[in-house]
Amino acid sequence: MENVIELHDVSKSLKAFTIHNMDLQIKQGYVTGFIGANGAGKSTTMKLIMNLLQPDNGEINVFGLDYASHEKEIKNRIGFVYDSNIFYESLNLKDISRIIAPAYTHWDQQQFKAYVNQFDLPLNKPMKKFSKGMQMKASIAMALSHDAELIVMDEPTAGLDPTSRRELLDIFQEVMVDGKRTILFSTHITSDLDRIADFIVLIDEGEILIDKPVYELQEQYAVVKGSNELLDADTEVYFIKIERSPNGFQALTKEAAKVRGVFGKHVVIEEASLEEIMFYMKGARNLYG
Ligand SMILES: Nc1ncnc2c1ncn2[C@@H]1O[C@H](COP(=O)(O)OP(=O)(O)OP(=O)(O)O)[C@@H](O)[C@H]1O
């Protein structure tokens, strides 16, 4: 499996926030969902990947190339979607497509127009008069109209109504069918990922806590419920975080098979949702981290 993005030992310090020695590989041909709490470092990592921020240490390669000598080629092959289009504020979509088309080797004006139609976007209205959702759709239309091999999106579904979100997720699935494209996208709406993600990367306080295929997460992580008497020094080791109440405990494990073997029918074991995984992992770090 080839990696489209590779971060080796990357560190970056912003005032009160640090990414320490991050290693990350994003696989070609798959959708990777990037999740984490507010301020966890998702946008910062994506800006590093896009060379909008430069690392203090470490190496970043995209398509096996480095930005120092291949910036233009890399950017030509990436579609980037982020939550503000500050550069384009006073321009309309007609002007914007005219300006950005020559920057891309494979700009497809027909494709751009098709997305603009599909998203019901006005061509002659300045972007600053677009709603947040319309701005996001415009940004997505641009990113998908130059045959990008890698599509990096920072919260593309934020601000979209449920119908538009669904429509967009269908489009992401469509652009993935040839198996050559790669999508990395961050979101707080974890149900978006249930539909399309192949891999999940969970970041917290600038550190990657989980980087796994979805099927492994589903196999290994589980929420376990049982009575408090089952817990002692020997059994607690199977859990990442335990919540106790007078009625019993509820806990996250990443060793579902072992827990099943040890506790048998004395506990209820349920598949952990991404939200539950995020919640318990964060709780565990606040406790021990
Ligand atoms: N230019 C900057 N200067 C200083 N600190 C910054 C800068 N940009 C971001 N930060 C800080 O870095 C941390 C990570 O921010 P980042 O935007 O990467 O998080 P995020 O995971 O994308 O969060 P959200 O889900 O809220 O968008 C935050 O504490 C933020 O305040």
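Residues numbered from 1 in each chain as written. Predicted model: local features only at pLDDT ≥ 70, side-chain atom pairs only at ≥ 80, totals over all residues.

1. Observations concerning the overall build of the protein chain
- Counting secondary structure elements, the protein chain contains ten helices and 14 strands.
- Seen along its three principal axes, the alpha-carbon backbone of the protein chain occupies a region of about 70 × 40 × 35 Å.
- Considering only contacts within the protein chain whose residues lie at least 6 apart along the sequence, 69% involve residues at least 24 apart. (Helix = DSSP H or I, 4+ residues; strand = E, 2+ residues; numbered from the N terminus. Contact = placed C-beta atoms within 7 Å.)

2. Focus: the confidence of the model for the protein chain
- Residues of the protein chain with pLDDT of at least 70 account for 97%, and the chain-wide mean is 91.
- Taken over the whole predicted complex, pTM reads 0.91, whereas the ipTM for its chain interfaces reads 0.95. (pLDDT = per-residue confidence, 0-100.)

3. Remarks on the site of the ligand
- With respect to spatial proximity, the complete set of residues near the ligand consists of Leu-14, Lys-15, Phe-17, Gly-36, Asn-38, Gly-39, Ala-40, Gly-41, Lys-42, Ser-43 and Thr-44.
- Among the elements that take part in the shell around the ligand, helix α1 (residues 42–49) stands out by supplying three residues, more than any other.
- Here the residues of the shell around the ligand are counted per class, giving three nonpolar, six polar and two charged. (Near = placed C-beta within 6 Å. Nonpolar A, V, L, I, M, F, W, Y, C, P; charged D, E, K, R; others polar.)

4. Considering the sheet that holds strand β13 (residues 248–253)
- Ordered in space as β12-β13-β11-β14, the four strands form an open sheet in which the pairing is antiparallel. In this open sheet, the two edge strands, each paired with only one partner strand, are β12 (239–245) and β14 (268–271). Taking each pair of neighbouring strands and ignoring which way they run, the sheet shows an average axis angle of 20°.
- As paired strands, strand β11 (residues 222–226) and β14 are joined by four bridges and run antiparallel to one another. When the bridges of β14 are listed, Lys-225 appears paired with Val-268.
- Docked against the sheet, helix α9 (residues 256–263) engages β11, β13 and β14, running at close to 20° with respect to β11. (Pairing = 2+ DSSP bridges. Axes fitted to C-alpha atoms, helices over the stretch in contact; angles between N-to-C directions.)

5. Considering helix α6 (residues 162–175)
- Over its 14 residues, α6 extends 20 Å from the first C-alpha to the last, a length consistent with the 20 Å expected when each residue adds 1.5 Å.
- Looking at the buried side of α6, the elements it contacts are β3 (31–35), α5 (132–143), β8 (182–186) and α7 (190–196). (Expected span 1.5 Å × (residues − 1).)

6. A look at the sheet that holds strand β7 (residues 150–154)
- As summarised here, the arrangement of the six strands in space is β6-β7-β8-β3-β9-β10, forming an open sheet in which the pairing is mixed. The sheet terminates laterally at β6 (78–81) and β10 (207–213), the two strands that pair on one side only. Strand after strand, the sheet turns through a mean of 15° between neighbouring axes, direction not considered.
- Bridge count for strand β9 (residues 199–204) against β10 is six bridges, and the pairing is antiparallel. Directly across from Val-201, in β10, lies its bridge partner Asp-211.
- Docked against the sheet, α1 engages β3, β7, β8 and β9, running at close to 150° with respect to β7.

7. A few points about the nonpolar core
- By size, the foremost hydrophobic cluster in this structure holds 74 residues, and its most contacted members are Ile-200 and Leu-252.
- When residues of this core are assigned to their parent elements, the largest contribution, seven residues, is made by α5.
- What Ile-200 contacts, discounting residues up to four positions off in sequence, is Gly-33, Ile-35, Leu-193, Ile-210, Lys-212, Val-214, Leu-217 and Leu-274. (Core = buried A, V, L, I, M, F, W, Y, C linked by C-beta atoms within 7 Å. Buried ≥ 20, exposed ≤ 12 C-beta atoms within 10 Å, placed from the backbone.)

8. Some words on the environment of Arg-98
- Mapped onto the elements, Arg-98 comes out in helix α3 (residues 93–100).
- Overall, Arg-98 belongs to the exposed group, with 11 C-beta atoms counted inside 10 Å.
- Separated by eleven residues in sequence, Arg-98 and Gln-109 place their C-alpha atoms 9.2 Å apart.

9. Remarks on the environment of Glu-167
- Its place among the elements puts Glu-167 in helix α6.
- The sequence separation of Glu-167 and Leu-48 amounts to 119 residues, and the corresponding C-alpha distance is 29 Å.

10. What about unusual backbone geometry?
- Here Asp-9, not a glycine, exhibits a phi torsion of approximately 55°, which is positive.
- With respect to the helices and strands, the residue Asp-9 is situated in strand β1 (residues 3–14).
- Assessed through the 12 C-beta atoms surrounding it within 10 Å, Asp-9 is described here as exposed.
- Despite not being glycine, Asp-120 shows a phi value in the positive range, around 60°.
- Position of Asp-120 among the secondary structure elements: in the loop between α4 (109–118) and α5.
- Given 9 C-beta atoms within a 10 Å radius, Asp-120 is considered exposed.

11. Things to note about the environment of Ala-222
- Looking at the element boundaries, Ala-222 is found in strand β11.
- Judged by local crowding, Ala-222 falls into the buried class, with 23 C-beta atoms found within 10 Å.
- Each C-alpha atom, one on Ala-222 and one on Glu-276, is 9.1 Å from the other, the two residues being 54 residues apart in sequence.
- Discounting chain neighbours no more than four positions away, the residues touching Ala-222 are Thr-253, Ala-256, Val-259, Ile-269, Glu-270, Glu-271 and Ala-272.

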